[in-house]
Amino acid sequence: MTNPKNRSVSRRDFMKLTAAGVAAAGVGSVLAACGAQPAPTEAPAATQAATAAPTEAPKAGETLKCWWWGEQEAPGVENWINETVAMFKEETGHTIETTLQDTGVVISEFQTASAANSAPDIQFVWNGVYQMEAAWLGYFEPLDGLIDAKMLEDASPTCMNQYEGKTYSTAWYSCGIACAYNKEMFDKAGLDPEKAPETFEELMDTCDKLKSLDVIPMSAGMKDTFWSEWYHGHALSPNLDTPADALKLYAGEGLDWRDPRYYDVWTKLGEIWNAGNINDDMLSIDLYPAIDLFGTGKAAMTWLVVPLLNAQKEMLGGEIMGVFPYPMSGQGKLNNWPVLDTNGWGISAQSEKKDIAVEFLKFMQRPERITAVWDSSKALPTTKSWPGGEVIKDPWWLDVWEKYIHGPTAQYVPDMMPGLFWSDANLVNAQKTITGELSPEECGENAYQVVQKWREQSPDMLEKYALWAESMEKVWNEKYV
Amino acid sequence: MTAQDSAYPSRDERLNLIDRLARWITWPRFIFALAMTFFLTSILFPFYWMVSSSFKTYAEIGGREPVYIPSALRLDAYLELFDPSNPSFWNFGVNIINTIKIAVPTALIAVILSTLGAYAVARLKFGGRGMILNSILIVYLFPGILLIIPLFAMVSRIGASIGFDVQDNLVVLVFTYLAQTLPVALYMLSNYFRTIPVEIEQAGLIDGCSRISIIWRITLPLAIPALVSVAIYTFMIAWNEFLYALVFLNSRDMFTMPIKINTIYNDPTPRPHVVMAASTIMTIPVVVLFLALQRFLEEGLTAGSVKG
Amino acid sequence: MLRTKRFTPYLFVAPMWALLLFVFGYPIVQIFNFSTRRIRGATGPFIGLENYRQIFTDDIFILSVKHNAMLLLAVPILIVIALVIAVFLYERVTGWRFYRFLFFVPYVIAIPVIGHVFSNLLSLNGAVNELLRSIGLGVLALDWLGSEKVALWTLMGVIIWREAGFGIVLFLARLLSLNEELLDAGKIDGANWLQRLWYIIVPELMGVIEFYAVICVITMAAWVFGFVFVMTHGGPANATQVMELYIWKYAFRIQLPGIASAVAVILFLITLAAMVPLFYLRYKDEGTEASA
């Protein structure tokens, strides 16, 4: 297209056109896919080809695949993606084919595709173990050396994308967690609307006072399971000294769930539930409808994530919504720190066009593009050098940005949970605390047992978790405190 | 049962009527009516709930107090599904088309392949005939979920070497659905073929027709109820399938309806009314199809599939 | 049976066999292979029967087997409901065709749809409970899907709601093909409704009933994933955990396909055992056909 003399390009374009025509006619995607480049059959070959690629001059008009997720929680970012892809094409001539993935398959689909050697060049990632498991299998390319160190550090708002000195993703927007409260209801209940509870005791008192208004003090829904993870993020961090402590707990290396300090997660969940401070149908409704109870004025407080703040704020109207970190009154150094998390972008080790993929990742980090994330979706960018203080005009949002992204933040540690812990300890303990089947001590014991089971089932992961904890502790103390 | 001949029943006649009614309502009849009412309500109420909820506002269905009758016939949920100018447009039309693109070929190919196979099993003598039927039934008891991992890996490897994508490839889905439905289709058809007297075909053979033309001209026309049943059955399975579509489809624009409904359901801004609208749209065609072809199913699906 | 050239029958079954072999052949072998390895990504080291040891020492696996077994209780319930309704309709209720249609409708609705509708209806403050409360039956307003004591039974109820339609249509078709004189003779002999059902209808329908029973057993053991996945995700606290979901969990969330495959092998063997009666039926049938 850009170079009509280049035969291979025009042929490729012809193929693409034919393929597009066939696809549009709805005849079938087998033919359409024939137009795409055949992937090599062996993984090592792919890696070799890929490492050789950067030495060649970048070819014009390549097509890369990019799988992503995000529109689901930050409506509007799809426009940003389309815009960025168009601008990238304009500037470099390369086409990025994007696919918006479904929530249930974001991580597993990339791993399955990588195992089958058909991974996309660029993959959206959730933080922590979600990218690390794939990285350990060699599916993600470390970005060090491909992107310069300064930019890489700038694009690493958390340390959960790093392992043994290597960085695997660049940041996009914040998906940290927070709690929200209704200032109007606080006022009516005789509470100070400008002061959110700061200790667990204050939280319980606040709930008591709110009950006089005949509203749900805090809303939550756990039928679809996800709430248990968010809650774990809120409740564990305050009892940790560094995020690496979470890794030690999950892997059973040095720290023990049977310590009351750590099963405090479920002790306090039991307390707040047993005091009748959460909606009674918590186990039979889903996460998002429960959050909406806050937005529709039926609940005074709720647990949520930063990308959802905007929708709730718009629903509630005006400025009656306040945001605060969940007051756990934990015993760790991280107590009362707002919790940050970020989504990001990685590059497949199987990609044959890593140089172009790197260009695209860098393109997304341009200040203009980062600001556009905020403009298009009210999702808060997490790149460290982004001058949010100048860009954000709305004082409400400025406050959120300063607290939850810019200021000192803890990290969303559930990102590092092994899958087994997620389902058999995190979820089961939370649900059984609500049904009253397990006492806090028993929750601690169950978590400990699950860790032991995980150690048996995944002996190959033990060393990786230990090394990860070690390097994370170091990085955290050097760069993130 | 009813007051037949009298415009104005006298008091005696009215007593007589009640008397007759009382005699008509015997205990068995009463229990029968009660049971039928119970069963029908429990069948119809969820159906009613789905359709009526699709006309509700979010507040009506998402609120804490159930609303049984929508305050107005609002089309908001449907507009959200189909109207591109709607701020939360779901582009559901594409998903309907994808589902059709999968379900129709699956049904057609299943009919063709199972006709051939079933004919051979029912009519022709060859070694391993019994084994084929039985081993094919084993396939049916293989839960779909456990094939996914190796199947995906295998198809990807083939795809990588001859150059097609596994993800978002509707053809791959058609193949897996065929594999899931063929065993039952074969079972149903072969049983039906057996109910057709062999003599009719033998007459044809004597007249010098070829095997294929016998099937085409004699057997198939007689087996239409069974063929229609197989087509509906496979169509229905492909139309409704969830698990494979969930794993094999990646892009929203390639989704079939069941997983798109799940996606709408999982939206952080809850849209239960839109879920109900999409469900209604998805359900009505199969119900209508079934109603329209009930006559064939009556013979084909059951008389053929199960012998006494 | 017709005589043909030797290869013709094979040509007829070849396309179908090729397709089935393509989709099932390699994966089935691979599942047995996977179940002896710690799979990471595409493959992994051979670890013998370790995966099997892992699942048999896992309480949650035992629990999921137990739940599948409990779901089997639905099989007799399904048979009774389907049989009774089929006989009701057979007694020539006015509009029986229409009723049959209504009873069959749930069977053609997609499982995710059913799951979402029932989740909505059955939540603690949902329509069903509000109805119960409004007619003074508040004690019956249980937390249908949110209580670990009733969730599995609720799930079973919903599955019955969907699957009964197939049985009704099946039984009714068989009833319609029965010789009516047989039933009339029963009536003349003064047999009451239940006696006629038990002594005349059930024996006549035994073949269909057995077929339906086997189908139901397989459904309850190996095809309930959609219901569980959409309605409860196995919760609350594993109260509705079943083998299929356990496979899903290990394959996609925990990313240990080796363990998932080991469960798959076990599930396969269980369903295979359930199939034996059907095979037996078929063989018996072939026998009578051959002698006829």
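This one's a predicted model, so the numbers in the text were calculated from it and none came from an experiment.

Asker: In this structure, what is going on with the overall build of chain A? I would like to understand it.
Answerer: The helix and strand tally for chain A stands at 21 helices and 13 strands. Within chain A, buried positions represent 61% of all 481 residues. At a minimum sequence separation of 6, the contacts of chain A that also span at least 24 residues come to 77%. Accessible area of chain A: about 17400 Å², with a carbon and sulfur share of 53%.

Asker: I'm lost on the overall build of chain C in this one. Help?
Answerer: Counting its secondary structure elements, chain C contains 13 helices and 0 strands. Helices (α) and strands (β) of chain C occur, in sequence order from the N terminus, as α-α-α-α-α-α-α-α-α-α-α-α-α. Within chain C, the fraction of its 292 residues that count as buried is 61%. A fraction of 69% describes how many contacts in chain C between residues 6 or more apart in sequence connect residues 24 or more apart.

Asker: For this particular structure, what's the right way to read the interface of chain B and chain C?
Answerer: Facing the 97 residues of chain B at the interface are 87 residues of chain C. Overall, the association of chain B and chain C removes approximately 9000 Å² of surface from exposure, summing both partners, and the carbon and sulfur fraction of that is 79%. Applying the counting rule to chain B against chain C returns 0 salt bridges. Where chain B touches chain C, the interface holds 7 residue pairs in polar contact (both at pLDDT 80 or more).

Asker: When you look at the state of the cysteines in this model, what are you seeing that I'm missing?
Answerer: Linking two cysteines covalently via their sulfur atoms produces the bond known as a disulfide. Tallied over the entire structure, the rule returns 0 disulfides over all chains. Summary of cysteine pairing: A:Cys175 is not part of a disulfide, and the nearest cysteine sulfur, belonging to A:Cys159, is at 14 Å.

Asker: Quick question: what am I supposed to make of the side chain of A:Asp424 here?
Answerer: Relative to the assigned elements, A:Asp424 resides in helix H19 (residues 419-435). Within the local environment of A:Asp424, its side chain forms a polar contact with the side chain of C:Lys249, the two groups lying 2.7 Å apart.

Asker: Even after reading the chapter, I still don't get the pattern of salt bridges, so can you show me in this structure?
Answerer: Two side chains with opposite charge may pair up if their charged atoms get near one another. If you walk through the whole model with that rule in mind, you get 30 salt bridges over all chains. Between A:Glu91 and A:Arg366 there is a salt bridge, with its nearest N and O atoms 2.7 Å apart. In this pair, A:Glu91 sits in helix H4 (residues 77-92) while A:Arg366 sits in the loop between helix H15 (354-364) and helix H16 (367-377), placing the two residues 275 residues apart along the sequence. A salt bridge links A:Lys453 to C:Asp58; its shortest N-O distance comes to 2.7 Å. Residue A:Lys453 is located in helix H20 (residues 440-457), and its partner C:Asp58 is located in the loop between helix H2 (50-56) and helix H3 (59-71); the two belong to separate chains. The exposure class assigned to A:Lys453 is buried, which follows from its relative accessible area of 15%. Here the salt bridges do not stand alone but share partners, grouping A:Asp424, A:Lys453, C:Asp58 and C:Lys249 into one network.

Asker: Mind showing me how you'd approach the pairing of strand S2 (residues 95-100) of chain A here?
Answerer: Regular strands have side chains that alternate between both faces of the sheet. All names here are of chain A. Both strand S1 (residues 63-68) and S2 contribute to a ladder of 6 bridges, which runs parallel. Paired with Leu64 across the two strands is Ile96, which belongs to S2. Considered for its hand, the β-α-β crossover made up of S1, H4 and S2 is right-handed.

Asker: Is there a simple way to think about the packing of helix H5 (residues 96-108) of chain C against helix H8 (residues 151-176) of chain C in this case?
Answerer: All names here are of chain C. Interhelical geometry of H5 versus H8 gives an angle of 145° and a closest axis separation of 6 Å. The handedness of the crossing between H5 and H8 is left-handed. Contacts between H5 and H8 involve Trp96, Arg100, Phe103, Phe104, Pro106 and Tyr107 from the first element and Trp161, Arg162, Glu163, Gly165, Phe166, Ile168, Val169, Leu172 and Leu176 from the second. Residue classes in the contact of H5 with H8 are distributed as 11 nonpolar, 1 polar and 3 charged.

Asker: What exactly am I supposed to notice about the pairing of strand S9 (residues 299-305) of chain A here?
Answerer: All names here are of chain A. Counting buried positions along S9 gives 7 out of 7 residues, so the element sits mostly inside the fold. Where strand S8 (residues 216-219) lies against S9, 3 bridges are found, and the strand directions are parallel. Across the sheet, Met218 pairs through a bridge with Met301, a residue of S9.

Asker: I tried to follow the packing of H19(A) against H20(A) on my own but got confused; where do I start?
Answerer: For any two helices packed against each other, the geometry comes down to the angle between their axes and how far apart the axes lie. All names here are of chain A. Where H19 meets H20, the closest approach of the two axes is 9 Å, and the angle between their N-to-C directions is 165°. Between H19 and H20, the interaxial angle falls into the category roughly antiparallel. Crossing handedness for the pair H19 and H20: right-handed. Residue-level inspection shows Leu420, Phe421, Asp424, Ala425, Val428, Asn429 and Thr433 of H19 in contact with H20, the latter providing Cys443, Asn446, Ala447, Val450, Val451, Lys453, Trp454 and Gln457. When grouped by side-chain class, the residues that make up the contact of H19 with H20 number 9 nonpolar, 4 polar and 2 charged.

Asker: I keep staring at the sheet that holds strand S6 (residues 170-174) of chain A and nothing clicks. Help me out?
Answerer: Two modes of strand pairing occur in sheets, parallel and antiparallel, and in both the strands are linked by backbone hydrogen bonds. All names here are of chain A. Across the sheet, which stays open at both edges, the 5 strands sit in the order S2-S1-S3-S12-S6 with mixed pairing between neighbours. Each edge of the sheet is formed by a strand with only one pairing partner; in this case those strands are S2 and S6. Ignoring which end each strand starts from, the neighbouring axes of this sheet average 20° apart. Strand direction decides the pairing type here: S6 and strand S12 (residues 342-347), joined by 3 bridges, are antiparallel. Its bridge partner being in S12, Ala171 is matched across the sheet by Gly344.

Asker: I tried to follow the confidence of the model for chain A on my own but got confused; where do I start?
Answerer: Predicted coordinates in regions of low pLDDT should not be interpreted in detail. Confidence in the prediction for chain A averages 87 pLDDT; 87% of positions are at 70 or higher. Considering only residues more than four positions removed or in separate chains, one finds that residues 1-58 of chain A, a stretch of pLDDT under 50, has 48 contacts.

Asker: In this structure, what is going on with helix H12 (residues 243-253) of chain C? I would like to understand it.
Answerer: At 3.6 residues per turn, the α-helix brings residues three or four places apart onto the same side. With 10 of 11 residues buried, H12(C) lies mostly within the body of the structure. Buried within H12(C) are the following residues: C:Met243, C:Glu244, C:Leu245, C:Tyr246, C:Ile247, C:Trp248, C:Lys249, C:Tyr250, C:Ala251 and C:Phe252.

Asker: Whenever I open this one, the confidence of the model for chain C confuses me. Can you help?
Answerer: All names here are of chain C. Put simply, chain C has an average pLDDT of 86, and 93% of its residues get 70 or more. This stretch, residues 288-292, has a pLDDT under 50; its non-local contacts, to residues over four places away or in other chains, come to 1 contact. Interface confidence in the predicted complex, given as ipTM, is 0.88; pTM for the same model is 0.87.

Asker: Sorry, what's going on with the packing of aromatic side chains here?
Answerer: Describing an aromatic ring pair means giving the distance of the ring centres and the angle of the ring planes. Residue and element names in this part refer to chain A. As enumerated under the stated definition, the model contains 65 aromatic pairs over all chains in all. One aromatic cluster is present, formed by Trp68, Trp69, Trp80, Phe124, Trp126, Tyr130, Trp172, Tyr173 and Trp345 through successive ring pairs. Between Arg258 and the ring centre of Tyr448, over which it is positioned, the NZ or CZ distance is 3.4 Å.

Basis of the calculations
Residues numbered from 1 in each chain as written. Chains lettered and ligands numbered in written order. Predicted model: local features only at pLDDT ≥ 70, side-chain atom pairs only at ≥ 80, totals over all residues. Heavy atoms only, no water. Helix = DSSP H or I, 4+ residues; strand = E, 2+ residues; numbered from the N terminus. Buried < 20%, exposed > 50% of the residue type's maximum accessible area, 1.4 Å probe, protein only. Contact = heavy atoms within 4.5 Å. Areas by Shrake-Rupley, 256 points an atom, 1.4 Å probe, with all protein chains shown as cover. Buried area = accessible area lost by both parts, 1.4 Å probe. Salt bridge = Lys/Arg side-chain N within 4 Å of Asp/Glu carboxyl O. Polar contact = N/O pair within 3.5 Å; in protein donor to acceptor, adjacent residues only side chain to side chain. Disulfide = S-S within 2.5 Å. Pairing = 2+ DSSP bridges. Right-handed = clockwise from strand over helix to strand, strands pointing away. Axes fitted to C-alpha atoms, helices over the stretch in contact; angles between N-to-C directions. Left-handed = near helix turned anticlockwise from the far one by under 90°. Nonpolar A, V, L, I, M, F, W, Y, C, P; charged D, E, K, R; others polar. Parallel < 35°, antiparallel > 145°, perpendicular 65-115°, else oblique. pLDDT = per-residue confidence, 0-100. Phe/Tyr/Trp six-rings, centres within 6.5 Å; stacked < 30°, edge-to-face > 60°. Lys NZ or Arg CZ within 6 Å of the ring centre and 35° of its normal.

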